[in-house]
Amino acid sequence: MTVQDIAKILEELAPLPHAEGFDNVGLLVGDPNMTVQGILVTLDTLENVVDEAIEKKHNLIVSFHPIIFSGLKKLTGRTYVERVVMKAIANNIAIYSMHTALDNSPMGVNAKICEVLGIQNPKILIPKTGSIRKLTTYAPLEDAEKVKSALFKAGAGEIGKYSNCSFSTEGVGSFKAGTNASPSVGEVGELHLEKEVQINVIYSFEKESHLLKALFAAHPYEEVAYEIVALENTNQDLGMGMVGELQTEMEEQAFLKQLKKTMNASVVRHSQLLGKKVKKVAVLGGSGAFAISAAKKAKADVFITSDLKYHQFYEAEGQLVIADIGHFETEQFTKDLLVDYLTKKIPNFAVSLSESITNPIKYL
C-alpha cells in the first residue's frame, strides 16, 4: 500500500476538510506514492519518534499533532521542528497529521475520552456550522428517481440516523437548444417544454465534488442545471467536544479522584466544588477553554479539558465544575484509537503504537 492509500483510509475516519481553518493536517512530509513498509502511530512527532520509526523499519508516521504548524522558511536544524523534518526526509519517512480533523470526528478524540471514562450516549458539544450544503437540481419526470438514487449513493440526503432524505416538486422546465447543442429531448433551435422534478438534497461539504460527478453521470441532459447553497444549520454529527452521562451518578470528589486515576493525570486543577452529584459530563480534548459556555449550556455537571488560565476557572460561575487534567492527558488515548482503527481496516499490515514519551510537561 502507498502513503496515499493509507491517507484515504484515515480520511474515512476524519476527512481533512473537517479540520479547522487554522490547522495544518494531512501529509506534511514525504511522497504520497511511496510504498509503506509499516506505520508508527504517535501523539507527537519528535526526534525520538523518528528514531523509533527507523529502528522498527516503519516509513510512515501517523501523528495526531502536526509537527509543521506554521510555515518553515529554513531547514538548518536550529529548532526541534527543523530537526524532525530533516531526519524524516533523510530516512525517507513520511509524516501524516490528523489533529482537528480527528477532533471534529464523531468517532475521534472526544469519543475515545468518553469510552475510557464510561460516559454513555455522547453527543457533540459544539456542532460545526457552515458544513452543510443544499443541492437543488432538475430532472425529467422519468429520470428523477435515477438521479436521486445516484445522489443518495454518493452520500447526499443523510440527516442524523436517516438516509435517502430529499424533497421533490413537479413543474415544467423550458429551454431552447443552440446550434451546436445535442439535446437529449427537444429539437435544436426550438423552444422545448419538459415536465421535470425539482430535487432538493443536503450533504456534508466534503462530499461536493463526488456528488457533482454522480449528478453529471446520472443526468440525461447535456447541460445540467443545479444550484448549491451553503446552510447555516449546525451539523449534529460533526464538531468539537462531547457531552453524555455516567451510568451511575457520583460525588464530585469521588469523580475527580476516579478521573485522575483513569486518565493517568499527575494533577487535576479544578474550579470550586458545588456539593452536588455528577451525572452529566462534558469533555474536550486539548485546549478547551472556548467550550466552557457550551458545557454550561448543555447543563453538564463537570467539564473536562486542559490548558486553562487562572481567570477561566471563574467562568464556571457556580454552574458546573471545570477540571483541567493536562493537554497530553486528555489526548493520550488517541494513539490507541488510531491503532485499533488501522488494525481493523488493514489487519495484515504492520501498525505499531509508539513507545516514545512525547509529553513535554513534567511534575514534581
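(A) Expanded view of the pairing of strand 10 (residues 235-251). In the sheet, strand 5 (residues 119-128) pairs with strand 10 via seven bridges, with the strands oriented antiparallel. Note on strand 10: the bridge partner recorded for Lys 128 is Asn 235. In the sheet, strand 10 pairs with strand 12 (residues 277-287) via six bridges, with the strands oriented antiparallel. Bridge pairing links Gly 244 to Val 281 in strand 12.

(B) Structural context of a nonpolar patch on the surface. Together, Leu 72, Leu 75, Met 86 and Ile 89 make up an exposed nonpolar region whose accessible area comes to about 340 Å². With respect to the helices and strands, the residue Ile 89 is situated in helix 3 (residues 80-90).

(C) View of the layout of surface pockets. Volume-wise, the largest pocket comes out at about 830 Å³. Taken together, 30 residues make up the lining of the largest pocket; nearest its centre are Pro 15, His 18, Ser 204, Glu 206 and Lys 207. Only helix 1 (3-13), strand 8 (191-204) and strand 10 provide two or more residues apiece to the lining of the largest pocket. When its residues are assigned to classes, the lining of the largest pocket shows 13 nonpolar, 10 polar and seven charged. Within this model, the second largest pocket holds a volume of roughly 700 Å³. As for the second largest pocket, its lining consists of 34 residues, of which His 65, His 99, Ser 287, His 327 and Glu 331 are closest to the centre. Elements with a minimum of two residues in the lining of the second largest pocket: helix 3, helix 4 (99-103), strand 5, strand 10, strand 12 and helix 10 (327-331). Here the lining of the second largest pocket is composed, by residue class, of 16 nonpolar, 12 polar and six charged.

(D) Broad picture of the packing of helix 1 against helix 11 (residues 334-345). Packing of helix 1 against helix 11 brings their axes to within 11 Å, and their N-to-C directions diverge by 120 degrees. The angle between the axes of helix 1 and helix 11 places the two elements in the oblique class. Our pair here, helix 1 against helix 11, has a crossing hand that is right-handed. Between helix 1, through Ile 6, Ile 9, Leu 10, Glu 12 and Leu 13, and helix 11, the contact on the second element is made entirely by Leu 338, Tyr 341, Leu 342 and Lys 345. When its residues are assigned to classes, the contact of helix 1 with helix 11 shows seven nonpolar, no polar and two charged.

(E) Here's a closer look at the packing of helix 6 (residues 144-153) against helix 7 (residues 208-218). Packing of helix 6 against helix 7 brings their axes to within 9 Å, and their N-to-C directions diverge by 155 degrees. Here helix 6 lies roughly antiparallel to helix 7, going by the angle between them. Between helix 6 and helix 7 lies a crossing of right-handed hand. Each of Lys 146, Val 147, Ala 150 and Leu 151 in helix 6 lies in contact with helix 7, whose residues at this interface are Leu 211, Ala 214, Leu 215 and Ala 218. For the contact of helix 6 with helix 7, the class distribution of residues is seven nonpolar, no polar and one charged.

(F) Molecular detail of the sheet that holds strand 15 (residues 351-353). If you walk across this open sheet you meet the five strands as 1-4-3-2-15, and the pairing is mixed. Among the strands making up the open sheet, the edge pair consists of strand 1 (26-29) and strand 15. Shown here is a sheet whose adjacent strand axes are inclined to one another by a mean of 25 degrees, direction ignored. Each of strand 1, strand 2 (39-42), strand 3 (60-63) and strand 4 (94-97) is contacted by helix 1, which is oriented at about 15 degrees to strand 4, the strand it contacts most.

(G) Geometry of the pattern of salt bridges. Inspection of the entire model under this criterion finds 14 salt bridges. With a closest N to O distance of 3.0 Å, Lys 128 and Glu 20 form a salt bridge. Residue Lys 128 is located in strand 5, and its partner Glu 20 is located in the loop between helix 1 and strand 1; the two are separated by 108 residues in the primary sequence. Here Lys 276 makes a salt bridge to Asp 301, at a shortest N to O gap of 3.8 Å. Taken together, the residues span a long stretch of sequence, with Lys 276 in the loop between strand 11 (269-270) and strand 12 and Asp 301 in the loop between helix 9 (292-297) and strand 13 (302-306) at a distance of 25 residues.

(H) Fine view of the pairing of strand 4. The two faces of strand 4 match: Ala 94 and Tyr 96 on one face and Ile 95 and Ser 97 on the other face are all buried. Bridge analysis of strand 1 against strand 4 gives three bridges, and the strand direction is antiparallel. Residue pairing for strand 4: Val 29 is matched across the bridge by Ile 95. Strand direction decides the pairing type here: strand 3 and strand 4, joined by four bridges, are parallel. The residue of strand 4 that forms the bridge with Val 62 is Tyr 96. Chirality of the crossover, the property in question, places the unit of strand 3, helix 3 and strand 4 among those that are right-handed.

What counts and how
Residues numbered from 1 in each chain as written. Predicted model: local features only at pLDDT ≥ 70, side-chain atom pairs only at ≥ 80, totals over all residues. Heavy atoms only, no water. Pairing = 2+ DSSP bridges. Helix = DSSP H or I, 4+ residues; strand = E, 2+ residues; numbered from the N terminus. Patch = residues over 30% accessible without salt bridge, like charges linked within 9 Å, V, L, I, M, F, W, Y side chains within 5 Å. Areas by Shrake-Rupley, 256 points an atom, 1.4 Å probe, with all protein chains shown as cover. Salt bridge = Lys/Arg side-chain N within 4 Å of Asp/Glu carboxyl O. 1 Å grid on protein atoms, 1.4 Å probe; cavity = no way out; pocket = protein on both sides within 12 Å on 5 of 7 lines; lining within 4 Å. Points joined across faces, edges and corners; volume = space filled by probe spheres on them. Nonpolar A, V, L, I, M, F, W, Y, C, P; charged D, E, K, R; others polar. Axes fitted to C-alpha atoms, helices over the stretch in contact; angles between N-to-C directions. Parallel < 35°, antiparallel > 145°, perpendicular 65-115°, else oblique. Left-handed = near helix turned anticlockwise from the far one by under 90°. Contact = heavy atoms within 4.5 Å. Buried < 20%, exposed > 50% of the residue type's maximum accessible area, 1.4 Å probe, protein only. Right-handed = clockwise from strand over helix to strand, strands pointing away.

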